[in-house]
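# Report on the structure
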Amino acid sequence: MAEPPSTLASTGRKPVGALLGVVPFFAYTAIFLAIPTLIVVVGAFLDGSGRPTLGNLSALAQPQIVSAFVHSTVLSAVTALLGAVFGALLTYAVATARAGGLLRRLVTSLCGVLAQFGGVTLAFAFIATFSAQGFLTVWLMKYGIDLASTTWLYDWDKGLMLVYTYFQIPLMLIVFLPAVEGLRPQWREAAESLGGSTWNYWRHVAGPILAPSFIGATLLLFTNAFSAYATAAALISQGSPIIPLQIGGTLSSEVILGQENVGKAMALGMVAIVAVVMTLYVVLERRTSKWLGS
Amino acid sequence: MTRTARRTGVAALATLALIGIAACAPPAKTSDSTGTGGVNASSATSAKDLGGMSGLIAAAKKEGTLNVVALPPDWANYGEIIKGFEAKYGLKVDSAQPDASSADEITAAKNLKGQSKAPDVFDLGGAVASTNTDMFAAYKVATFGDVPAALKDANGLWVNDYGGYMSIGYDAGKVPAPAKVEDLLKPAYKGKVALNGDPTKAGAAFSGVVMAAISQGGTADDISKGVDFFKSLKAAGNFLPVDPTGATIESGQTPVVFDWDYLNVAQGAKLKGKMEWKTFVPAGAVVGGYYVQAINKDAPHPAAARLWQEYLYSDEGQNLWLKGGARPVREEAMVTAGTIDTAAYDSLPKAEGTPVFLTTAQSDKAKAYLTANWAKAIG
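The rules behind these values
- Residues numbered from 1 in each chain as written.
- Chains lettered and ligands numbered in written order.
- Predicted model: local features only at pLDDT ≥ 70, side-chain atom pairs only at ≥ 80, totals over all residues.
- Helix = DSSP H or I, 4+ residues; strand = E, 2+ residues; numbered from the N terminus.
- Buried ≥ 20, exposed ≤ 12 C-beta atoms within 10 Å, placed from the backbone.
- Pairing = 2+ DSSP bridges.
- pLDDT = per-residue confidence, 0-100.
- Contact = placed C-beta atoms within 7 Å.
- Nonpolar A, V, L, I, M, F, W, Y, C, P; charged D, E, K, R; others polar.
- Axes fitted to C-alpha atoms, helices over the stretch in contact; angles between N-to-C directions.
- Parallel < 35°, antiparallel > 145°, perpendicular 65-115°, else oblique.
- Left-handed = near helix turned anticlockwise from the far one by under 90°.

### Overview of unusual backbone geometry
Notably, Ala 70 of chain B is not glycine yet its phi reads approximately 60°, a positive angle. Position of Ala 70 of chain B among the secondary structure elements: in the loop between strand 1 (65–69) and helix 4 (78–89).

Now the structure itself:
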């Protein structure tokens, strides 16, 4: 080595070893994120024989695709809000429990598992419980309550909403708990010693501190629901009411062929919606850290 | 339950395996397939071009092997058909990836082009066949004239082979027997009627909607009444949006299923003793769906491929399909000639009325209508 290490540091150049360390990360994101995104973006503007076209984008105006976008957005927004509200209440209950206590450890580790409990297994759990031959349905039948002929479980605005909320609430706890734990008891004591009521404390101290991370977590839940595919695919087999199922249909249909690039255009639409949401998330996160840092 | 559904699971694996085979297979020899008629077998459009059946058989024997792909032995009796062909002509049938899908067959032919392992013949779903006709070689079997005109290409580029009628399968222990399609709107069927897949995705479900349309006074040109029927079924709370499989039928989750008759009949045979699964083809609403047989134009064994076609469309081959519960395409001619296997034929569900087959134009129109209206109707 011609140069001593101190020279490297003083010129501000990073050692090559440090760059090598991030190569696997960049290779990974290139293969599983950048290249697929590029394929989707380019494919959205090509027709079946590879010529440039805007036809795929204008195909997005078809009523069934528009309503799938609406359904996806409504489903994600509603389950994100439900998840955020109930998740936040649960988080507060857990945060006020004794630190290191059994309840707290139990709930946080359970939520860690349930937040990742999605896809086919989750759909199966609901089918095994609520469907025509589900154990709850069969059990209720013994008491003369017949739920076997209802089909609510397979509707996007009933069954799917319930199933999504099931994984949204635990996820909320996981992402929101650190913020709630950041509330110091001294702040509450200070508010009380200055004569503030519980309402004053929440309105002027805890609320403003938690708001940005609450909203950020809600947006995260939104994207989480928006991009979910396997749960919905396992549960819903008719009509492709949400956009990930519509995209799946363009790839797997044996009836209507040659729609792959319309699927890519739909994926591009999803990217656009998620980009808007993520931009909001980044803006809010920056605000939160400024707030807590000062 | 549909063939495609059964086949897609291993599709990726199949493709990989086929590519693997491609790498080590020797190039195909084409020079030795000239028949006694002096015409190269790969351009023969009938057995006559090769000096009649004996010439064709001789040329095929010289090739020695027939490559087939995506033919499950338990599907439409293909296991027995392959054995019968081998025994009759002394050729070896190399059956690759029996569980692959129709689309995989085309992919295999493209990837293995010019190799000795490439598939010689195809057995395809209608949609995949109609978009790939440039891969086929025209050939007319001896019995070509028996095949109804709507079920073949005039030049023999492709010919329908076997299929069935759209039917309603039901668990007789759980629901009353339907006498006509609109019976399914009654309260007795609440939350019990399933369609085999989404009609914008699965061929069987697509034909289910066409059948409903015709039963409700619609035509092959206008399937809107079929979509309306499912809309009313949904409004009555009777439509069960579960994708039926053998497992859902056996567990009782899907007590009424729109599906091909041969699949419903096979289901009934499988569940015999456990459940009375019956099959019903509505009178006056007989909708047919057939698979397509074609020869790969780049077949490494062109004479064997043609001999296979002759065998499939012979009385023997047709009756073997029938034995598997599928309706062979020469059904009508064979009934007239008295050559049909009557025992097997009588066990098929009864169908009253002229079968309806959608032309390509009608089917494209129906697809466009479904794309725009299906999700709305049952959403």
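From this point, the narrative continues.
### As for the pairing of strand 3 (residues 121–124) of chain B
Within a regular strand, side chains alternate between the sheet's two faces. Residues and elements named next belong to chain B. Where burial is concerned, the two faces of strand 3 agree: the one with Val 121 and Asp 123 and the one with Phe 122 and Leu 124 are both buried. Pairing of strand 3 with strand 9 (residues 288–296) involves 4 bridges; the strand directions are antiparallel. Opposite Leu 124, over in strand 9, you have Val 292 as the bridge partner.

### Regarding the confidence of the model for chain A
Close inspection of predicted coordinates is inappropriate in any region flagged by low pLDDT. Of the residues in chain A, 93% reach a pLDDT of 70 or more, and the chain-wide mean stands at 86. In the model, residues 1–10 of chain A has pLDDT below 50 throughout and makes 3 contacts with residues more than four positions away in sequence or in other chains.

### A look at the interface of chain B and chain A
At the interface, 31 residues of chain B touch 25 residues of chain A. Within the residue set of the side of chain B that touches chain A, elements represented by two or more residues are helix 7 (203–215) and helix 15 (360–378) of chain B. The element that contributes the greatest number of residues to the side of chain B that touches chain A is helix 15 of chain B, accounting for 7 residues. Its residues assigned to classes, the side of chain B that touches chain A comprises 11 nonpolar, 13 polar and 7 charged.

### Looking at the packing of helix 4 (residues 63–96) of chain A against helix 15 of chain B
One way to put it is that helix 4 of chain A packs onto helix 15 of chain B with a least axis distance of 8 Å and a crossing angle of 40°. Our classification of the angle between helix 4 of chain A and helix 15 of chain B gives oblique. Of the residues in helix 15 of chain B, those in contact with Pro 63, Gln 64 and Ser 67 of chain A of helix 4 of chain A are Thr 371, Ala 372, Ala 375 and Lys 376 of chain B. Grouping the amino acids of the contact of helix 4 of chain A with helix 15 of chain B by side-chain chemistry returns 3 nonpolar, 3 polar and 1 charged.

### Observations concerning the environment of Lys 274 of chain B
Residue and element names in this part refer to chain B. Mapped onto the elements of the fold, Lys 274 is located in the loop between helix 10 (261–270) and strand 8 (277–280). Looking at Lys 274, the number of C-beta atoms within 10 Å reads 9, which means it is exposed. The sequence separation of Lys 274 and Asn 67 amounts to 207 residues, and the corresponding C-alpha distance is 39 Å.

### Digging into the packing of helix 8 (residues 224–235) of chain B against helix 15 of chain B
Residues and elements named next belong to chain B. Contact geometry of helix 8 with helix 15 gives a least axis separation of 9 Å together with a crossing angle of 15°. Classed by the angle they form, the pair helix 8 and helix 15 counts as roughly parallel. Both helix 8 and helix 15 take part in a crossing whose hand is right-handed. Taking contact as the criterion, the partners of Ser 224, Val 227, Phe 230, Lys 231 and Lys 234 in helix 8 are, on helix 15, Tyr 369, Leu 370, Asn 373, Trp 374, Ala 377 and Ile 378.

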